[in-house]
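Architecture at a glance
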Amino acid sequence: MRLKAALPKLELYLYAAVLYLSLLWAGTWIWDASADNVNRKVFKKSVKPGWHYFGRKMDVADFEWVMWFTTFRNHILFALAGHVIFAKVCSLISPRIGMDDWYCKHRSLIYGLYGGLAVLVSMGGGFLVLVLSHCFILYSVALVKRKWIVFVVGLASLATFKMEPFNTWQEGFVTGYFDLQDILFYGGSCFTILRCMSFALENCEKKDGNYTFTDLLKYNFYLPFFYFGPIQTFDQYHVQANNPNLTRKQREMWNITTRALLHLGAILVVDVFFHYLYILTIPNDMKLVKQLSDWSLAGLAYSNLVYDWVKAAVMFGVINTVARLDHLDPPQPPKCITMLYVFAETHFDRGINDWLCKYVYDYIGGSHTNIFKELVATICTFVVTTLWLGPCELVYIWSFFNCFGLNLELWVDKIFSIPPFSNIEYAIGEAMSRRIRAVFGALNFWTIILYNILALNSLEFAKLVGKRLIVQGFPLSTLSVLFVTYCGVQLVKERERKQALLDDPEPAAVPPAPQDMPEEVGKKKAE
């Protein structure tokens, strides 16, 4: 009922105007800070020559983005393009040699062979042996069919890549050195552990027999997902990759092409922004940050979260485009940070989020009605997340606050769902209830931003933003930023309302039954 509550159009137009003008205003502050301080000492480390003809320098503070779309762009595209071409050649040759049916049923084996060969060429035989050893260990555990043993062994295996001296010892399996080595080593190894755990946990659920070791290898060595993710749980991949029906839906190729062009457009937009707004370099210069206005800080914190979402959406989008060409349905891109005003939906990697929900959060929390089980489920989820990200002080702080925020959100929601609070909400009406909830949503939104810029920037930057917006900026800056955020939350709620009406349309009003006319009633009485 609350989701479908409507507001007057004039009110929504006001919210939209306030939001877009405020974002434009904050953007001008960041623009000025970028242009006026380009020659600072801190900027010289991460602001490099860009568009020579326009005299613009480019923010290259994010190594991951530079790796994907500048320095190692050709290497990554070559590997992914090789996968697509290899799969296409096999699909064209198989009908001519009478193996069309065999290819449709065993194409996952073809993908796995190419992926294993690519890993061997890129990282060497030592790394391949290391990965296969972890696969064999977790496959052996899977045969026991005890979930708790799978978690103990799986998380212990993951910890060996996150803690000394085990990670250094395992790094020794890779001979030589090249720029992408660390990224490929830790990406391939850690994603392998999660995939093997997914395989083992699904095998525990299998009642008749066991999945084979070949099934695990085909799943793990699917090249588009191997180094960079996203994680697709074994049950989904096994069904999709072994589906012999390769007929595409109507307009499916059009949708794939459209998404690919959309990702290309996003890459170009980010490239333009990096030449004018140095949003990644400015937070590294705390002397400059302290001189910025409250609006600049708010815009800077928000833009860093938006950029991280765009980066995740584009990187996973490129990989997912290849996966869709292979007739797979990969995890969806993360939900836009602008749309997030509840902790329950906050994630930047939907694959990891789905994995954690399926095997940890939902498994322990059950129906999510028991507060104690819910607390245990969220704590366990963030413990695994902490291990995945790599235990350190900053990750501990990030995990604690996000776990606390999620539980507080759940407790408040349960409290307000029981009388007398539920009766009060019903009495004030749907529209007013939506406005009050949007106020809490605005507070939640900035809590999410402050908690997550810890991981994206630094603890010092997060503390400064919080101090300026909450303490020193009160009441003017605090209330004005919250009002702008409130306007944004209302626009998000309006979008959710329209989507809810499309998914579950309101039943059409039944016209009242026609009543007898007065003349007809008089005739009936006379009779």
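Remember, it's a predicted structure, so these values are computed and weren't measured experimentally.

A closer look at the pattern of salt bridges
- Here the structure, examined in full by the defined rule, presents 14 salt bridges.
- Note that K311 is salt-bridged to D62, the shortest N-O span being 3.1 Å. Here K311 is found in helix α15 (residues 294-325), whereas its partner D62 is found in the loop between β2 (56-59) and α3 (63-71), with 249 residues between them in sequence. The exposure classification of K311 matches that of D62, with both residues buried.
- For E205, the salt bridge is made with K147, and the minimal N-O distance between the two is 2.3 Å.

Re the UniProt feature "transmembrane region" (unreviewed entry) in the chain
- With numbering aligned to this structure, UniProt lists the feature "transmembrane region" (unreviewed entry) at residues 12-31, 76-97, 109-142, 260-279, 299-319, 438-457 and 469-489.
- Taken end to end, residues 260-279 is 75% helix and 0% strand, and its first and last C-alpha atoms sit 26 Å apart.
- Taken end to end, residues 438-457 is 95% helix and 0% strand, and its first and last C-alpha atoms sit 28 Å apart.

As for the packing of helix α9 (residues 181-205) against helix α16 (residues 350-365)
- Across the interface, α9 lies against α16 with an axial gap of 12 Å and an inter-helix angle of 35°. Here the hand of the crossing between α9 and α16 comes out left-handed. Every residue of α16 that contacts α9 at F191, L194, M197, S198, L201 and E202 is listed here: I352, W355, K358 and Y359.
- In terms of residue class, the contact of α9 with α16 is built from seven nonpolar, one polar and two charged.

Observations regarding the pairing of β2
- As paired elements, strand β1 (residues 47-51) and β2 share four bridges and run antiparallel to each other. Residue K48 lies in a different strand from β2, and its bridge partner there is M58.
- Turn length for the β1-β2 hairpin, with the two strands adjacent in sequence and antiparallel, is four residues, and the turn residue G55 shows positive phi of about 70°.

Brief notes about the packing of aromatic side chains
- Enumeration over the complete set of coordinates arrives at 39 aromatic pairs.
- Judged by centre distance (6.0 Å) and plane angle (50°), the ring pair of F199 and Y211 falls under tilted. Remark: Y211 occurs in the loop between α9 and α10 (213-220) and F199 occurs in helix α9; sequence separation between them is twelve residues.
- Taking the relative accessible area as the measure of exposure, F199 reaches 0% and is therefore buried.
- Here Y211 falls in the buried class, since its relative accessible area comes to 18%.
- Between F382 and W398, the aromatic rings sit 6.0 Å apart at their centres with planes inclined by 65°, giving edge-to-face as the arrangement. One end of the pair, F382, is in helix α17 (residues 371-389); the other, W398, is in helix α18 (residues 393-415), with 16 residues separating them in the sequence.

With respect to unusual backbone geometry
- A cis amide bond links E164 with the next residue in sequence, P165, at an omega value of 0°.
- Counting through the fold element by element, P165 comes out in the loop between α7 (147-159) and α8 (166-171).
- Although it is not a glycine, K145 sits at a positive phi angle of roughly 60°.
- Looking at where K145 falls in the secondary structure, it is placed in the loop between α6 (125-142) and α7.
- You will see that H327, though not glycine, has its phi angle at about 65°, which is positive.
- Here H327 is to be found in the loop between α15 and α16.

A short note on empty space enclosed by the protein
- In this structure the tally under the stated criterion is three cavities of 30 Å³ or more.
- Estimates place the volume of the largest cavity at around 270 Å³.
- Along the wall of the largest cavity there are 18 residues; nearest its centre are L19, L23, Y302, V484 and T485.
- Listing elements by their share of the lining of the largest cavity, those giving two or more residues are α1 (9-36), α15, α20 (430-456) and α22 (476-503).
- Here the lining of the largest cavity takes six residues from α22, the largest share from any one element.

A few points about the layout of surface pockets
- Approximately 1,600 Å³ is the volume found for the second largest pocket.
- What lines the second largest pocket is a set of 47 residues, among which Y341, R437, F440, G441 and N444 lie closest to the centre.
- Mapped onto the lining of the second largest pocket, the elements with two or more residues apiece are α18, α19 (421-428), α20, α21 (459-472) and α22.
- Grouping the amino acids of the lining of the second largest pocket by side-chain chemistry returns 29 nonpolar, seven polar and eleven charged.

Some remarks on the environment of M99
- Along the chain, the position of M99 falls in the loop between α4 (73-96) and α5 (100-123).
- For M99, a relative accessible area of 34% puts it in the partly exposed group.
- Taking the C-alpha atoms as reference points, M99 and D503, 404 residues apart in sequence, are found 43 Å from one another.

Digging into the side chain of D215
- Inspection of the secondary structure puts D215 in helix α10.
- Taking relative accessible area as the criterion, D215 reaches 13% and is therefore assigned buried.
- At 3.1 Å, the side chain of D215 forms a polar contact with the side chain of T212.
- D215 has contacts with F199, F234 and H238, leaving out every residue within four places of it along the chain.

Looking at the nonpolar core
- Residues I282, W355 and I453 are the most contacted members of the largest nonpolar core, which totals 117 residues.
- Take this core: its biggest share by element is 13 residues, from α15.
- I282 has contacts with I30, A33, S34, F43, L288, V289, L292 and L300, leaving out every residue within four places of it along the chain.
- L12, A442, V489 and V492 belong to the second largest nonpolar core, which has ten residues in total.

A few points about the packing of α6 against α9
- Two numbers describe how α6 lies on α9: the axes approach to 9 Å, and their chain directions differ by 20°. What the angle tells us is that α6 and α9 run roughly parallel. In this structure, the crossing between α6 and α9 has a hand that is right-handed. Note on element contacts: α9 touches α6 through L184, F185, G188, S189, T192, I193, C196, M197, F199, A200 and N203, opposite F127, L130, V131, H134, C135, L138, Y139 and A142.
- Of the residues in the contact of α6 with α9, the class split is 14 nonpolar, five polar and no charged.

Thresholds, definitions, all that
- Residues numbered from 1 in each chain as written.
- Predicted model: local features only at pLDDT ≥ 70, side-chain atom pairs only at ≥ 80, totals over all residues.
- Heavy atoms only, no water.
- Salt bridge = Lys/Arg side-chain N within 4 Å of Asp/Glu carboxyl O.
- Helix = DSSP H or I, 4+ residues; strand = E, 2+ residues; numbered from the N terminus.
- Buried < 20%, exposed > 50% of the residue type's maximum accessible area, 1.4 Å probe, protein only.
- UniProt positions renumbered as here; feature names shortened; annotations may be inferred.
- Axes fitted to C-alpha atoms, helices over the stretch in contact; angles between N-to-C directions.
- Left-handed = near helix turned anticlockwise from the far one by under 90°.
- Contact = heavy atoms within 4.5 Å.
- Nonpolar A, V, L, I, M, F, W, Y, C, P; charged D, E, K, R; others polar.
- Pairing = 2+ DSSP bridges.
- Phe/Tyr/Trp six-rings, centres within 6.5 Å; stacked < 30°, edge-to-face > 60°.
- 1 Å grid on protein atoms, 1.4 Å probe; cavity = no way out; pocket = protein on both sides within 12 Å on 5 of 7 lines; lining within 4 Å.
- Points joined across faces, edges and corners; volume = space filled by probe spheres on them.
- Polar contact = N/O pair within 3.5 Å; in protein donor to acceptor, adjacent residues only side chain to side chain.
- Core = buried A, V, L, I, M, F, W, Y, C linked by side-chain atoms within 4.5 Å.
- Parallel < 35°, antiparallel > 145°, perpendicular 65-115°, else oblique.

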